[in-house]
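# Structure at a glance
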Amino acid sequence: MSHCQPIEDLRAALVKLNLEQAQLLHCDLENLIEQLQALKPQHQPTVVKAHRVVQQVRHIEGVTYQLERVKCGKEGCKCTDAPTHGPYWYAYWRVNDRQKTRYIGKRFKTVNILEQTKPQFSPASTYKLPLKVVKQATEELVSTLY
Ligand SMILES: [Zn+2]
């Protein structure tokens, strides 16, 4: 006996219905579906903001270094219950009232904030080059490496 036996029984009964009965049942079934859907827990993605636990703080030459454990908050991550990423060192400093952050890593090292404040490279748009050209050039460069 299959677990869908009640459904099979219902189906067998359905073929005996006349049009009016079938329409009535259709209506009942729609109401039932609506009720069941309302009962079903809505899937809500858990968007938790990244949560940090500071374990150590150092101040060196205007830069605050913090050793942090991080809870990224991404659904399905091992860190759901507790901040389990890291601990990693992060550098924080201010430039013209704007907070700058830089990930350092597991091993502590100082960052040169003067180097950090100027852009490492200019984005392609600065050179007014179409993205396609930049992509092609990058691919060509990469292909010469192999
Ligand atoms: Zn995580």
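Residues numbered from 1 in each chain as written. Predicted model: local features only at pLDDT ≥ 70, side-chain atom pairs only at ≥ 80, totals over all residues.

## Structural notes on the overall build of the protein
Tallying secondary structure elements over the protein gives four helices and four strands in all. Ordered by position in the sequence, the α and β elements of the protein form the string α-α-β-β-β-β-α-α. Each of the 146 residues in the protein was classed as buried or not, and the buried ones make up 4%. (Helix = DSSP H or I, 4+ residues; strand = E, 2+ residues; numbered from the N terminus. Buried ≥ 20, exposed ≤ 12 C-beta atoms within 10 Å, placed from the backbone.)

## Here we look at the sheet that holds strand E1 (residues 51-60)
By definition, the strands of a sheet pair up through backbone hydrogen bonds, in either a parallel or an antiparallel sense. Here we have four strands laid out as an open sheet, ordered E1-E2-E3-E4, and antiparallel in their pairing. With one partner strand each, in any of the chains shown, E1 and strand E4 (98-105) form the two edges of the open sheet. Taken over all neighbouring pairs, the strand axes of this sheet differ in orientation by 30° on average, direction set aside. Strand direction decides the pairing type here: strand E3 (residues 85-95) and E4, joined by seven bridges, are antiparallel. Considered in E4, the bridge of Trp 89 is made with Gly 105. (Pairing = 2+ DSSP bridges. Axes fitted to C-alpha atoms, helices over the stretch in contact; angles between N-to-C directions.)

## Observations concerning the pairing of E3
Where strand E2 (residues 63-71) meets E3, six bridges bridge the pair, whose relative direction is antiparallel. Residue pairing for E3: Gln 66 is matched across the bridge by Tyr 90. Where E3 folds back on E4, the antiparallel hairpin that results is connected by two residues, among which Asn 96 adopts a positive phi of roughly 50°.

## Considering helix H2 (residues 19-39)
Because the α-helix completes a turn every 3.6 residues, residues three or four places apart line up on one side. In this model, H2 (21 residues) spans 30 Å end to end at C-alpha, consistent with the 30 Å of a helix rising 1.5 Å per residue. Here H2 lies mainly on the outside; zero of its 21 residues are buried. (Expected span 1.5 Å × (residues − 1).)

## Focus: the environment of Cys 72
When you line up the elements, Cys 72 lands in the loop between E2 and E3. According to the C-beta neighbour criterion, Cys 72 is partly exposed, with 16 such atoms within 10 Å. Along the chain, Cys 72 and Arg 52 lie 20 residues apart, while their C-alpha atoms are 8.5 Å from each other.

## Quick word on unusual backbone geometry
Backbone torsion omega between Gly 86 and Pro 87 reads 10°, so that peptide bond is classified as cis. With respect to the helices and strands, the residue Pro 87 is situated in strand E3. Its identity as a non-glycine residue notwithstanding, Asn 96 has a phi of 50°, on the positive side. Relative to the elements of secondary structure, Asn 96 occurs in the loop between E3 and E4. Overall, Asn 96 belongs to the exposed group, with 6 C-beta atoms counted inside 10 Å. Phi angles above zero are rare outside glycine, and Asp 97 is one such case at about 65°. Residue position: Asp 97 is located in the loop between E3 and E4.

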